[in-house]
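Fold and geometry: a report
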Amino acid sequence: HVQLVESGGGSVQAGGSLRLSCAASGYRGSDYCMGWYRQVPGKAREAIALIGDDGATKYADSVNGRFIVSQDNAKNTVFLQMNSLKSEDAALYYCATRPPNTTSYDYWGQGTQVTVS
């Protein structure tokens, strides 16, 4: 049973930083690809930082240059370092995962809230 648990959300001033974490269990994490999404009320869920099958990272234009996604050595935890936060970054942030050689992130955590003042 795949489980993803996000943490690290909170309230931060514009221009500040936060680091989100996502702990994965229920599968061999090294066989899966991880990513981060976010969503605000009335808008579609947005992919913001993804790790591909080859380990390459891809960022949404809205966060490129400000956010960094990474994993621990065991690939059981994925991080999202969020820098230079803007008010428009306020959202519910989700981590997600998919099996190798697939395209859809179909497993989701419960989300962690980020607010920016």
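Cut-offs used in this document
- Residues numbered from 1 in each chain as written.
- Predicted model: local features only at pLDDT ≥ 70, side-chain atom pairs only at ≥ 80, totals over all residues.
- Heavy atoms only, no water.
- Helix = DSSP H or I, 4+ residues; strand = E, 2+ residues; numbered from the N terminus.
- Rg over C-alpha atoms; globule rule 2.2 N^0.38 Å.
- Buried < 20%, exposed > 50% of the residue type's maximum accessible area, 1.4 Å probe, protein only.
- Contact = heavy atoms within 4.5 Å.
- Areas by Shrake-Rupley, 256 points an atom, 1.4 Å probe, with all protein chains shown as cover.
- Lys, Arg positive; Asp, Glu negative; His and termini not counted.
- Charge placed at Lys NZ, Arg CZ, Asp CG, Glu CD.
- Disulfide = S-S within 2.5 Å.
- Pairing = 2+ DSSP bridges.
- Axes fitted to C-alpha atoms, helices over the stretch in contact; angles between N-to-C directions.
- Salt bridge = Lys/Arg side-chain N within 4 Å of Asp/Glu carboxyl O.

**Topic: the overall build of the chain**
In terms of regular secondary structure, the chain is built from zero helices and 11 strands. When the helices and strands of the chain are placed in sequence order, the string is β-β-β-β-β-β-β-β-β-β-β. Relative to its length of 117 residues, the chain is compact, with a C-alpha radius of gyration of 13 Å against a globular reference of 13 Å. Seen through its principal axes, the chain has C-alpha atoms that stretch 40 × 30 × 25 Å. Evaluated residue by residue, the chain yields a buried proportion of 41% over its 117 residues. Looking at the chain alone, contacts between residues at least 24 apart form 54% of all its contacts between residues at least 6 apart. Summed over its atoms, the accessible surface of the chain is roughly 6,100 Å², and 46% of this surface lies on carbon and sulfur atoms. Charge separation in the chain, taken as the distance between the mean sites of 10 positive and 10 negative side-chain charges, equals 3 Å.

**Some points on unusual backbone geometry**
Of note, Ser-84 is a non-glycine position whose phi angle comes to about 50 degrees, a positive value. Mapped onto the elements of the fold, Ser-84 is located in the loop between β8 (77–82) and β9 (91–98). The class of Ser-84 is partly exposed, set by a relative accessible area of 40%. One non-glycine residue, Asn-101, lies in positive phi territory at about 60 degrees. Looking at the secondary structure, you find Asn-101 in the loop between β9 and β10 (107–108).

**Quick notes on the state of the cysteines**
Across all of its chains, the model carries one disulfide by this definition. Here Cys-22 pairs with Cys-95 through a disulfide, and the sulfurs are 1.9 Å apart. Between Cys-22 and Cys-95, the S-S dihedral sits near 50 degrees, and the bridge is therefore right-handed. In this pair, Cys-22 is assigned in strand β3 (residues 18–25) and Cys-95 in strand β9, connecting sequence segments 73 residues apart.

**Quick look at the sheet that holds β3**
Reading across the sheet, the four strands line up as β1-β3-β8-β7 and stay open at both edges, with antiparallel pairing between neighbours. Every other strand in the sheet has two partners, leaving β1 (3–7) and β7 (67–71) as the edge strands with one partner each. Geometrically, the sheet is characterised by an average inter-axis angle of 15 degrees between neighbouring strands, direction not taken into account.

**Here we look at the pattern of salt bridges**
Applying the stated criterion across every chain, the model contains four salt bridges. Between Arg-38 and Glu-46 there is a salt bridge; the shortest N-O distance is 3.1 Å. A relative accessible area of 7% places Arg-38 in the buried class. Note on Glu-46: relative accessible area 28%, which makes it partly exposed. Taking the shortest distance from any N to any O, the salt bridge between Arg-38 and Asp-89 comes out at 2.9 Å. With Arg-38 in strand β4 (residues 33–39) and Asp-89 in the loop between β8 and β9, this residue pair connects regions lying 51 residues apart in the sequence.

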